[in-house]
Amino acid sequence: MSNLGIYIEIKKGKIQKNVKEVVSLAKSSGNTIFGVIFTNEFQNFKDELNGFDKIINVKGDSLVFHPDSFSETIAEIIKEHDMEYFMGSYSFKAKEIFPRIAGKLDECSLVNDCVNYDFGSAIAIKPVYSGKLLKEIEIKNKLKLITLRSNVFPVVDLDAGSPELIEKTISDKIRSKVINVKKSESKSIDIMDADIIVSGGRGMKEKENFQILEGLASILNAGVGASRAAVDSEFASYNMQVGQTGKVVNPKLYIAIGISGAIQHFVGMKTSKIIVAINKDSEAPIFKKADYGIIGDLFKIVPMLKDELEKVL
Ligand SMILES: Cc1cc2nc3c(=O)[nH]c(=O)nc-3n(C[C@H](O)[C@H](O)[C@H](O)COP(=O)(O)OP(=O)(O)OC[C@H]3O[C@@H](n4cnc5c(N)ncnc54)[C@H](O)[C@@H]3O)c2cc1C
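All values reported here derive from a predicted model rather than from experimental measurement. Here the residue numbering is sequential within each chain, running from 1 through the sequence in written order. For this predicted model, a pLDDT threshold of at least 70 governs which residues receive local features, and a threshold of 80 or more governs which side-chain atom pairs are given and counted, while totals over whole chains, interfaces and linings are taken from all residues. No hydrogens and no water enter the side-chain calculation; it runs on all heavy atoms of the structure.

## Side note on the overall build of the chain
When its secondary structure is counted, the chain shows 8 helices and 17 strands. For this measure, only C-alpha atoms enter the radius of gyration; the expected value for a globule follows 2.2 Å times N^0.38, where N is the number of residues. Whereas a compact globule of 313 residues would reach a radius of gyration of roughly 20 Å, the chain reaches 21 Å, a difference of no more than 12%. Seen through its C-alpha atoms, the chain measures out along the principal axes to roughly 60 × 40 × 40 Å. Relative accessibility under 20% of the residue-type maximum defines a buried residue, over 50% an exposed one, and the middle range a partly exposed one, all with a 1.4 Å probe and only protein chains included. Counting the 313 residues in the chain, one finds 50% classified as buried. Sequence separation of 24 or more characterises 65% of the internal contacts of the chain that already satisfy a separation of 6 or more. Exposure was quantified through the Shrake-Rupley algorithm and a 1.4 Å probe, taking into account, for residues, occlusion by the shown protein chains and nothing else. Accessible area for the chain stands at about 16300 Å²; split by element, carbon and sulfur atoms hold 50% of it. Counted charges follow a simple rule, with Lys and Arg positive, Asp and Glu negative, and His plus the chain ends left uncounted. Just so you know, the charge point we use is NZ for Lys, CZ for Arg, CG for Asp and CD for Glu. Here the chain contributes 42 positive and 41 negative side-chain charges, whose respective centroids are spaced 4 Å apart. Put simply, DSSP marks the helices as runs of H or I at least four residues long and the strands as runs of E at least two long, and each gets a number from the N terminus on. Residue contacts are counted whenever heavy atoms from the two residues lie within 4.5 Å of one another.

Here's what the structure looks like:
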């Protein structure tokens, strides 16, 4: 039995929902599962830590996310506990931390954005070329750093148990300083967390019209996404962009409004459970990919849809 660590990411005061997917996969390995959580308020999270055998609570004067201090601390933890695996969800923070951890440790392999990992054969599978191919990678090094694509792995019921608690102080090794953080303009739910996404394309015609989508999204408790054409036309901000050069999302419901359905957009949302398209062009490629399609003018259909939904939701 080996030691397997998991980065427990906290986002807006909550444990990121995809951590459960990582724990579910890790648990199937039969290894000893360590959770690594950076917080000075452990009591707020202790009831959400099902499935872990041990929890390492990293504390410090400042736990503001910084890839240098977080990666240095995790690298120390991996060495101290002789871990053979360290895993996490493939989030923006993980993209910053995991390569730095790999750079600090010897005989270590990092495979990001996996859609499968088999503990027996040590084979990871990840999409490449915008999801056109799946690549199988056999990891031969003893230490394996693996991040998993979100919303792909099933979540299983896990016992709360009574994990052993280990405390650790965050490293103070910081080589770069964040001078400014510019927050995005979008007020809606982050599309990476949303179960429903309402997305607009160039067909929205102008920035102000995205308010129509914000209205629909607020009824559905949805996030608002956008095509690259909408972002390039400055109707929407980049953090809303879905696709090859934006975010890869996997909601239960994706409503594409005034979006043609170009391959570069499709690769970012093709694993959505249900796709609904609203487009005035019956030949738009999005209709070949959608489960449900509405042909017509979005400026008539979306307000009607909103009115009907308001009656039932
Ligand atoms: C390397 C590369 C990377 C890229 N990455 C991305 C990416 O990450 N994400 C992305 O989205 N694209 C990406 N693209 C761009 C992509 O190829 C398309 O150009 C883009 O997705 C088109 O956006 P769109 O569907 O909003 O616009 P359009 O193709 O212009 O489609 C607009 C649609 O709106 C419909 N419409 C117009 N008016 C109305 C109305 N009143 N009512 C209903 N429907 C209406 C039209 O019929 C049309 O189908 C990338 C391209 C390249 C080359």
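## Points about the site of the ligand
Residue proximity to a molecule or strand is established when one non-hydrogen atom of the residue lies within 4 Å of it. Every one of the 26 residues lining the ligand counts as a neighbour, but Arg-202, Ser-227, Thr-245, Ser-260 and Asn-279 are closest to it. Nitrogen and oxygen atoms within 3.5 Å of one another constitute a polar contact, given that in protein one can donate a hydrogen and the other can accept it, and given that sequence-neighbouring residues count only through two side-chain atoms. Between Arg-228 and the ligand, the recorded distance is 2.9 Å, taken from a backbone N or O atom to an oxygen atom. The contact in question runs from a nitrogen atom of the ligand to an N or O atom on the backbone of Lys-280, over 3.1 Å. Expressed as a share of its isolated accessible area of 990 Å², the protein-covered part of the ligand is 77%. Polar here means any residue outside two lists: the nonpolar Ala, Val, Leu, Ile, Met, Phe, Trp, Tyr, Cys and Pro, and the charged Asp, Glu, Lys and Arg; Gly therefore counts as polar. The residue inventory of the shell around the ligand, partitioned by class, reads 6 nonpolar, 14 polar and 6 charged.

## Observations concerning the pattern of salt bridges
In the sections that follow, a salt bridge refers to a side-chain nitrogen of Lys or Arg positioned within 4 Å of a carboxyl oxygen of Asp or Glu. Counted by the stated rule, this structure contains 18 salt bridges. The partner of Lys-11 in a salt bridge is Asp-190, with the nearest N and O atoms 3.1 Å apart. Separated by 179 residues along the polypeptide, Lys-11 in strand E2 (residues 10-11) and Asp-190 in the loop between strand E12 (164-169) and strand E13 (196-200) bring together distant segments of the chain. Exposure remark for Lys-11: the relative accessible area of 25% places this residue in the partly exposed category. Its salt-bridge partner being Lys-59, residue Glu-167 comes within 3.2 Å of it at the nearest N-O pair. With a gap of 108 residues between them, Glu-167 in strand E12 and Lys-59 in strand E5 (residues 54-59) connect regions that are remote in the sequence.

## Observations concerning the sheet that holds strand E8 (residues 116-118)
Within the open sheet, the 3 strands sit side by side as E8-E9-E10. Their pairing is antiparallel. Of all the strands in the sheet, just E8 and strand E10 (133-138) have a single pairing partner and so form its edges. In this sheet, neighbouring strand axes are inclined to one another by 20 degrees on average, regardless of whether the strands run parallel or antiparallel. By the bridge criterion, 3 bridges tie E8 to strand E9 (residues 123-128) in an arrangement that is antiparallel. Directly across from Asn-116, in E9, lies its bridge partner Ile-125. Two strands make a pair as long as DSSP finds a minimum of two bridges between them. Angular values range over 0 to 180 degrees, each being the angle between N-to-C directions of two axes fitted as lines to C-alpha atoms, with helices fitted over their stretch in contact.

## Things to note about the domain arrangement of the chain
Here the chain is described as being made up of domain 1 (3-169) and domain 2 (196-312). If you look at the interface, domain 1 gives 7 residues, while domain 2 gives 7 residues. Overall, the association of domain 1 and domain 2 removes approximately 510 Å² of surface from exposure, summing both partners, and the carbon and sulfur fraction of that is 50%. Inspection of the domain 1/domain 2 interface yields 0 salt bridges. Remark: the boundary between domain 1 and domain 2 carries 0 residue pairs in polar contact (both at pLDDT 80 or more). In terms of residue class, the side of domain 1 that touches domain 2 is built from 2 nonpolar, 4 polar and 1 charged. Domain boundaries shown here were taken from an automatic or database domain assignment. In short, buried area is how much 1.4 Å probe accessible area vanishes from two parts on joining, totalled over both.

## Section: unusual backbone geometry
One non-glycine residue, Lys-12, adopts positive backbone phi at about 50 degrees. Within the secondary structure layout, Lys-12 lies in the loop between E2 and strand E3 (14-15).

## Structural notes on the nonpolar core
Residues Ile-6, Phe-52, Met-87 and Tyr-117 are the most contacted members of the largest nonpolar core, which totals 30 residues. Elements with a contribution of two residues or more to this core: strand E1 (3-8), helix H1 (19-27), strand E4 (32-38), strand E6 (85-89), strand E7 (108-114) and strand E11 (143-148). The contact partners of Ile-6, leaving out residues within four places of it in the chain, are Val-22, Val-23, Ala-26, Ile-33, Phe-34, Gly-35, Val-36, Phe-52, Phe-86 and Met-87. As used in this record, nonpolar core signifies buried Ala, Val, Leu, Ile, Met, Phe, Trp, Tyr and Cys residues forming a set joined through side-chain atoms within 4.5 Å.

## Brief notes about the environment of Lys-104
Secondary-structure assignment places Lys-104 in helix H3 (residues 92-104). When the C-alpha atoms of Lys-104 and Leu-63 are compared, they prove to be 21 Å apart, with 41 residues separating the residues in sequence. Beyond its immediate stretch of four places on either side in the chain, Lys-104 contacts Ser-71, Glu-72, Ala-75 and Arg-175.

## Side note on the pairing of E13
In terms of residue burial, E13 counts as a mostly covered element, since 5 of its 5 residues are buried. Of the two faces of E13, the one lined by Ile-196, Val-198 and Gly-200 and the one lined by Ile-197 and Ser-199 are each fully buried. In this structure, E13 lies alongside strand E15 (residues 253-257), joined through 5 bridges in parallel fashion. Bridging from a neighbouring strand, Ile-196 pairs with Leu-253 of E15. Note that E13 and strand E14 (residues 223-226) share 4 bridges and pair parallel. Counted as the bridge partner of Ser-199 is Gly-225 from E14.

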